[in-house]
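Notes for the structure review
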Amino acid sequence: MHPEQENTGGVRELCERVRRFVDEIAIPAESSAIARDVAALDRCVADLRAQAREAGLYAPQLPPQWGGLGLGWRALAQVLEEAGRGFLGPAALNCAAPDQPNMLTLLRLASPAQQERFLAPLTRGERRACFAMTEPAPGAGSDPSMLQTRAERRDGRWVLNGHKQFISGGVGADFALVLARAEEGATLFLVPADTPGYRVVRDIGMVTGYQIGGHAEILLSGCEVGDDAVLGEPGRGLEYAQLRLEPARLSHCMRYIGRARRALETAQAYVVGRDSFGSRLADLQQIQAMVADSHIDLHASRLMTLDCAGRMDDGLPVKRHSAMTKVFVSEAVNRVADRAVQMMGASGLSDDTPVAMVWQEMRPFRIYDGANELHRATLARRLLARA
């Protein structure tokens, strides 16, 4: 564990158990054969989740009444870093995107009947869901106000029409949280995947791997749902989307700090054992600078993440802090992974180590959950308005 991480003995012991589980069970299950195979990934994760339950590590983010460990955000930051060292670690613990924020959203907004129908199977790992907001141009992307998908009232029903793309987890998902524009304003709907008019067109090939459910393109054509499909209140969908995205951004930071740490550990082992031009790579000042800068980036990332997590535990607003943390951490872990590749040369670009896949995963994080440029612009406007 890291000295800057304030924790109790219980959290420290839990982190050590998660570390052992990831090293001994989750990482050995990694394989290029399943990295982009949705069906094979589902089968592998189901087996890992059974072992995580047996080890008492399942669903650290959920309350005990929903089968989880009931951790607060500061404790979760430390546990998710350990889980995130493995590509399959968070999924094994059922605390991976998109279902971790989906579950938290349903805990906050769903009615008892909706929780029984949709949330309960998610918490048990029996079902998967996706969050369908992003659309092709000119639709919603980093700017959700550009939402084009429509929801109209007809004969006491809601009829959804629209086109969604890059929907993480959408391939094979049992239902979707669909953001659509109604007369009342943007509204969130719970739409089962077997609803007539709901169709997954394809799994969009992406640079990343080990994404449960891939990245779907989804068409909604005359897709009818009842009033019981509305999540929360009509017209508050953009507010609810932010409610989901703020903890989702922070959870990504936690997991990706762990992933970048694994890349750095791999690179450090490489440079200690590799000689070049008559000396170890580890004895070269340029390599030493990359190692030091990477540890500085990870240390600062942890502190920002823990600070934001503490604010969430205290019930304080984190809109500004989560945006700053997401921007900094996404760029810091990208630097760490990039240095790891550079330190290892061709080996860092190969499938022989996890470093290349980590590096590929880090780049999209600057786009996920709102592009960094958008967060910077929004932060600046708020800060200048206060000035």
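Residues numbered from 1 in each chain as written. Predicted model: local features only at pLDDT ≥ 70, side-chain atom pairs only at ≥ 80, totals over all residues. Heavy atoms only, no water.

The name recorded for the chain in an unreviewed UniProt entry is (R)-benzylsuccinyl-CoA dehydrogenase, from Achromobacter veterisilvae. Reading the Cofactor (unreviewed entry) entry of the UniProt record for the chain gives the comment "FAD". (UniProt positions renumbered as here; feature names shortened; annotations may be inferred.)

**What about the pattern of salt bridges?**
Considering all chains together, one arrives at 27 salt bridges under this definition. Among the ionic pairs, arginine 124 bridges to glutamate 126, the shortest N-O distance being 2.9 Å. What makes glutamate 126 partly exposed here is its relative accessible area of 45%. The partner of glutamate 152 in a salt bridge is arginine 154, with the nearest N and O atoms 3.0 Å apart. Here arginine 154 falls in the partly exposed class, since its relative accessible area comes to 42%. (Salt bridge = Lys/Arg side-chain N within 4 Å of Asp/Glu carboxyl O. Buried < 20%, exposed > 50% of the residue type's maximum accessible area, 1.4 Å probe, protein only.)

**As for the domain arrangement of the chain**
Looking at the chain, the domain boundaries give domain 1 (8-109), domain 2 (129-234) and domain 3 (238-385). The straight-line distance from the C-alpha centre of domain 1 to that of domain 3 is 20 Å. Facing the 29 residues of domain 1 at the interface are 29 residues of domain 3. For the pairing of domain 1 and domain 3, the buried interface totals around 2400 Å² over both sides, and the portion due to carbon and sulfur atoms is 58%. When the buried area of domain 1 at its contact with domain 3 is split by residue, Trp73, Glu81 and Phe87 rank highest and sum to 31% of it. If you look at where domain 1 meets domain 3, you find five salt bridges. Salt-bridge contacts for arginine 85 lead to glutamate 265; the nearest nitrogen and oxygen are separated by 3.6 Å. If you list the elements that add at least two residues to the side of domain 1 that touches domain 3, you get helix 3 (73-84) and helix 5 (99-109). Among the elements that take part in the side of domain 1 that touches domain 3, helix 3 stands out by supplying nine residues, more than any other. Taken together, the residues of the side of domain 1 that touches domain 3 sort by class into 14 nonpolar, seven polar and eight charged. (Domains from an automatic or database assignment. Contact = heavy atoms within 4.5 Å. Buried area = accessible area lost by both parts, 1.4 Å probe. Helix = DSSP H or I, 4+ residues; strand = E, 2+ residues; numbered from the N terminus. Nonpolar A, V, L, I, M, F, W, Y, C, P; charged D, E, K, R; others polar.)

**Brief notes about the nonpolar core**
Val18, Trp73, Leu88, Leu93, Tyr210 and Val333 are the most contacted members of the largest nonpolar core, which has 68 residues in total. For this core, the secondary-structure elements that each account for two or more residues are helix 1 (9-26), helix 2 (38-54), helix 3, helix 4 (89-92), helix 7 (237-273), helix 8 (285-313), helix 9 (319-344) and helix 10 (355-362). With 10 residues, helix 7 is the largest single contributor of residues to this core. For this core, the domains that each give at least three residues are domain 1 (8-109) and domain 3 (238-385). Residues in contact with tyrosine 210, not counting those within four places in the same chain, are Glu30, Ser31, Ser32, Ile34, Ala35, Leu41, Phe87, Leu88 and Met357. (Core = buried A, V, L, I, M, F, W, Y, C linked by side-chain atoms within 4.5 Å.)

**Observations concerning the packing of helix 1 against helix 2**
Running from N to C, helix 1 and helix 2 cross one another at 145 degrees; their axes reach a closest spacing of 12 Å. With respect to the hand of their crossing, helix 1 and helix 2 are arranged in right-handed fashion. Between helix 1, through Phe21, Ile25 and Ala26, and helix 2, the contact on the second element is made entirely by Leu48, Gln51 and Ala52. Considering only residue class, the contact of helix 1 with helix 2 consists of five nonpolar, one polar and no charged. (Axes fitted to C-alpha atoms, helices over the stretch in contact; angles between N-to-C directions. Left-handed = near helix turned anticlockwise from the far one by under 90°.)

**Regarding the packing of helix 7 against helix 9**
Between helix 7 and helix 9, whose axes approach to 8 Å, the crossing angle comes to 20 degrees. One element, helix 7, and the other, helix 9, form an angle in the roughly parallel class. Helix-helix and strand crossings are classified by hand; for helix 7 and helix 9 the assignment is left-handed. The class makeup of the residues in the contact of helix 7 with helix 9 is 16 nonpolar, five polar and four charged. (Parallel < 35°, antiparallel > 145°, perpendicular 65-115°, else oblique.)

**Focus: the UniProt feature "domain: Acyl-CoA dehydrogenase/oxidase C-terminal" (unreviewed entry) in the chain**
The sites that carry the UniProt feature "domain: Acyl-CoA dehydrogenase/oxidase C-terminal" (unreviewed entry) are, in the present numbering, residues 235-384. Along residues 235-384, the helical share is 75% and the strand share 3%, with 29 Å between the first and last C-alpha atoms.

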